[in-house]
Amino acid sequence: MPRLIWLSDTHLNFCNEEQVTNLITSMNYKPTDKVVISGDIADSKTLMHFLNRIPVDYFVLGNHDFYHASTSFIRAQLMESSGYLSQRGPIKLNKDTVILGHDGWADGLNTEECNIDLNDFYLIGDFKGINRETVMRALSHESVRYIYGNLVKALMMGSHVYLITHVPPFIKAAIESRNASYFINRSMGDAIKRIMSLYPENQLTILCGHTHEARSIKMDNIEMHVAGAEYYHPKISGIFEI
């Protein structure tokens, strides 16, 4: 049976050749499989190399993938990529299964409770000279617009939809609730819940990462899997039969 092989937060720019080769070997990739990555593949300097190095069909980007560049610069480089889900609509995998995705971003809500000083603010060009919460909310709202524009289409195309995003959309995935502002895309989650409540017969499976803490959460017809991850030890986050 065809498989959806899910990777996330591989941070391959920290890995040596042996570690990358071991990851690829562990996938036991077959032509009928689909490989998806939910962000933090590498950094901007090595992203294109690794997208060509490992077998990947569909992907979104995480915050680390933009380090030493800007979101607009990296996305422009991927304009012709058929696998970059943020710049595509829903894709039918089989008669019942559809995939779509967007990078997403933590929306910075309730930032008065959070004192984390992320590398994002210094290594991603979007944040230079601009209020960090303003940038975070603008990037998050891009994903919200994508959800409102594409999730209903996906639900009309198939009974089971896979949504690939980097930042978890529900606060239950937060490592600590006080830090949720910088690790959760609550705005996207609110949009997802509104739409899925109108399609109770459909199933949505969300594959995401960012926190590096593995969690699985089920809410009505929504199931969310957050990938566990560790630097220097890239691994398969999950395998699903499709």
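Residues numbered from 1 in each chain as written. Predicted model: local features only at pLDDT ≥ 70, side-chain atom pairs only at ≥ 80, totals over all residues. Heavy atoms only, no water.

Undergrad: Kindly report on the packing of aromatic side chains, identifying the contributing residues and their values.
TA: Tallied over the full model, the rule gives nine aromatic pairs. Measuring from centroid to centroid gives 5.8 Å for Phe-14 and Tyr-232, while their planes differ by 70 degrees, and the two rings are edge-to-face. Residue Phe-14 is found in the loop between β1 (3-7) and α1 (17-27), and its partner Tyr-232 is found in the loop between β9 (222-226) and β10 (236-241); the two are separated by 218 residues along the sequence. Note on Phe-121 and Phe-127: the rings are 5.2 Å apart at their centroids and 70 degrees apart in plane angle, and the pair reads as edge-to-face. (Phe/Tyr/Trp six-rings, centres within 6.5 Å; stacked < 30°, edge-to-face > 60°. Helix = DSSP H or I, 4+ residues; strand = E, 2+ residues; numbered from the N terminus.)

Undergrad: Give me the pairing of β9: which residues, what numbers.
TA: Buried residues dominate β9, accounting for four of its five residues. Where strand β8 (residues 215-219) and β9 come together, five bridges link them in antiparallel fashion. In the sheet register, Met-219 faces β9, and the bridge partner there is Ile-222. The antiparallel pairing of β8 with β9 creates a hairpin that spans two residues between the two strands, and Asp-220 there sits at a positive phi of about 55 degrees. (Buried < 20%, exposed > 50% of the residue type's maximum accessible area, 1.4 Å probe, protein only. Pairing = 2+ DSSP bridges.)

Undergrad: Describe in detail the pattern of salt bridges, supporting the description with residues and values.
TA: Counting across every chain of the model gives six salt bridges. Here Asp-103 and Arg-75 are joined by a salt bridge, their closest N and O atoms 3.0 Å apart. Placement of the pair is Asp-103 in the loop between β5 (97-102) and α4 (120-123) and Arg-75 in helix α3 (residues 71-77), with a sequence separation of 28 residues. Note that Asp-117 and Arg-132 form a salt bridge whose closest N and O atoms lie 3.2 Å from each other. Taken together, the residues Asp-117 in the loop between β5 and α4 and Arg-132 in helix α5 (residues 132-157) connect sequence positions 15 residues apart. Assessed through its relative accessible area of 44%, Asp-117 is described here as partly exposed. According to the relative accessible area criterion, Arg-132 is partly exposed, its value standing at 26%. Overlapping salt bridges, with partners in common, bring together Arg-75, Asp-103 and Glu-142 in one network. (Salt bridge = Lys/Arg side-chain N within 4 Å of Asp/Glu carboxyl O.)

Undergrad: Hey, could you go over a positive patch on the surface for me, with residue numbers and the actual values?
TA: Taken together, the side chains of Lys-172, Arg-186, Lys-193 and Arg-194 define a basic patch exposed on the protein surface. Among the structural elements, Lys-172 can be located in the loop between β6 (160-165) and α6 (186-196). (Patch = residues over 30% accessible without salt bridge, like charges linked within 9 Å, V, L, I, M, F, W, Y side chains within 5 Å. Areas by Shrake-Rupley, 256 points an atom, 1.4 Å probe, with all protein chains shown as cover. Lys, Arg positive; Asp, Glu negative; His and termini not counted. Charge placed at Lys NZ, Arg CZ, Asp CG, Glu CD.)

Undergrad: Which residues make up the sheet that holds strand β7 (residues 203-208), and what values do they have?
TA: Pairing is mixed in the open sheet, where six strands are placed in the order β4-β5-β6-β7-β9-β8. Looking at the sheet topology across the chains shown, the edges are occupied by β4 (91-92) and β8. Where β5 meets β6, six bridges bridge the pair, whose relative direction is parallel. Counted as the bridge partner of Ile-99 is Tyr-162 from β6. The strands that α5 touches are β4, β5, β6 and β7; relative to β5, the one it contacts most, it runs at about 175 degrees. Together, β6, β7 and β9 form the strand contacts of α6, whose direction differs from that of β7 by roughly 165 degrees. (Contact = heavy atoms within 4.5 Å. Axes fitted to C-alpha atoms, helices over the stretch in contact; angles between N-to-C directions.)

Undergrad: Give me the lowdown on the nonpolar core, citing residues and values where you can.
TA: The biggest cluster of nonpolar side chains holds 35 residues, and the ones touching the most others in it are Leu-12, Ile-41, Phe-59, Leu-61 and Leu-78. Those elements that provide at least two residues to this core are β1, α1, β2 (34-38), α2 (47-53) and α5. For Phe-59, the contacting residues outside a window of four places in its chain are Ile-37, Ile-41, Leu-51, Leu-78, Ser-81, Gly-83, Tyr-84 and Leu-85. Residues Ala-154, Ile-192, Leu-204 and Cys-208 belong to the second largest nonpolar core, which totals 24 residues. (Core = buried A, V, L, I, M, F, W, Y, C linked by side-chain atoms within 4.5 Å.)

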